[in-house]
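Residue-level structure breakdown
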Amino acid sequence: MLAACLEFLGLAFCLTGSLLAMVACGLPMWKVTAFIDSNIVVAQTIWDGLWMSCVVQSTGQMQCKVHDSVLALTQDLQTARALTVISAVLGVVALTVTVAGAQCTNCIKDETVKAKVVNAGGVIYIVSGLFVLVPLCWMANNIIVDFHNPQVPPSKKREIGAAIYIGWAATALLLLGGTLLCCSFSQGVRGAYYPKYAPTKTITSNGDLSLKKHYV
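The name given to the protein chain in an unreviewed UniProt entry is Claudin, with the source organism recorded as Sander lucioperca. Comment text from UniProt for the protein chain, heading Sequence similarities (unreviewed entry), reads "Belongs to the claudin family." Quoted verbatim from the Function (unreviewed entry) field of the UniProt record, the comment on the protein chain reads "Claudins function as major constituents of the tight junction complexes that regulate the permeability of epithelia."

In the UniProt entry, the feature "transmembrane region" (unreviewed entry) is given for residues 82–102, 123–145 and 165–186. The span residues 82–102 shows a helical share of 95% and a strand share of 0%, and its end C-alpha atoms are spaced 30 Å apart. Across residues 123–145, helical content stands at 100% and strand content at 0%; the span's end C-alpha atoms are separated by 33 Å.

What follows concerns the side chain of Asp76. Structurally, the position occupied by Asp76 is in helix α2 (residues 75–101). Although Asp76 lies buried, it forms no salt bridge, and the closest oppositely charged side chain, Lys31, sits 4.1 Å away as judged by the N-O distance. Of note is the side chain of Asp76, whose polar atom sits 3.0 Å from the side chain of Asn142. With sequence-adjacent residues up to four places away left out, Asp76 is seen in contact with Lys31, Trp138, Met139 and Asn142.

Attention now goes to the state of the cysteines. For the coordinates displayed, the defined rule picks out one disulfide. In this model, Cys54 is linked to Cys64 through a disulfide, with the two sulfur atoms separated by 2.0 Å. Disulfide Cys54-Cys64: the torsion about the S-S bond is 105°, which places it as right-handed. One end of the pair, Cys54, is in strand β3 (residues 52–57); the other, Cys64, is in strand β4 (residues 62–66), with ten residues separating them in the sequence. Overall, the relative accessible area of 0% leaves Cys54 in the buried class.

The side chains of a regular strand alternate between the sheet's two faces. Where strand β2 (residues 44–48) lies against β3, five bridges are found, and the strand directions are antiparallel. If you follow Asp48 over to β3, its bridge partner there is Ser53. Between β2 and the antiparallel strand that follows it, β3, lie three residues. Taken together, the five bridges between β3 and β4 define a ladder with antiparallel strand orientation. Looking across to β4, one finds that Ser53 is bridged to Lys65.

Under the criterion given, the structure shown has two salt bridges. In this structure, the salt-bridge partner of Arg158 is Asp48, at a minimum N-O distance of 3.3 Å. Taken together, the residues span a long stretch of sequence, with Arg158 in strand β5 (residues 158–160) and Asp48 in strand β2 at a distance of 110 residues. The buried category is assigned to Arg158, whose relative accessible area is 14%. Residue Asp68 is joined to Lys65 by a salt bridge in which the shortest nitrogen-to-oxygen separation is 2.6 Å. In this structure Asp68 comes out as exposed when scored by relative accessible area, which is 69%.

Basis of the calculations
Residues numbered from 1 in each chain as written. Predicted model: local features only at pLDDT ≥ 70, side-chain atom pairs only at ≥ 80, totals over all residues. Heavy atoms only, no water. UniProt positions renumbered as here; feature names shortened; annotations may be inferred. Helix = DSSP H or I, 4+ residues; strand = E, 2+ residues; numbered from the N terminus. Buried < 20%, exposed > 50% of the residue type's maximum accessible area, 1.4 Å probe, protein only. Lys, Arg positive; Asp, Glu negative; His and termini not counted. Salt bridge = Lys/Arg side-chain N within 4 Å of Asp/Glu carboxyl O. Polar contact = N/O pair within 3.5 Å; in protein donor to acceptor, adjacent residues only side chain to side chain. Contact = heavy atoms within 4.5 Å. Disulfide = S-S within 2.5 Å. Pairing = 2+ DSSP bridges.

Right, dumping it as structure tokens:
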């Protein structure tokens, strides 16, 4: 029963983390306007994302423009695009693998094979979380460095947007959920779940002693 609980909890964490990673990938709020010095009172707020840039007017109107050229993007944006898309694909693959080996499904009959399949799904989820973490930390580092760079004008300074914080939360859920999936079929957990055998002595028709195993 413990293995099933760990498996369900890990899968729930991983599924939530994958959805949050996809949301963070699509949101345009990776970089937002920093309101400092002469930028305290402005008529518009600028959002920069992986796929588009948006300008929000003080009246509430918003205009977004998709990035026209991939090659014109900075290196961190290009890398973030690739890694977040790969992470989303890995999340779908990991979900398929984990469900195939779950205890609540009958896709695989052999319990040993099911344990290996669930472990593989947990490892894929962990890799997916790492693929999200790399562009998040890289982007946040660039934002912080530019923010404290005196050569960057205040109008060009940006702050960490909501999408990065959502991505960090998604990474934590993916890593935690993947670890739980890997531990759900460990030897200690399985030893507490599966029935054990105990040898007993029986007397055969010839009068010899033999050992047999039965459930306890």
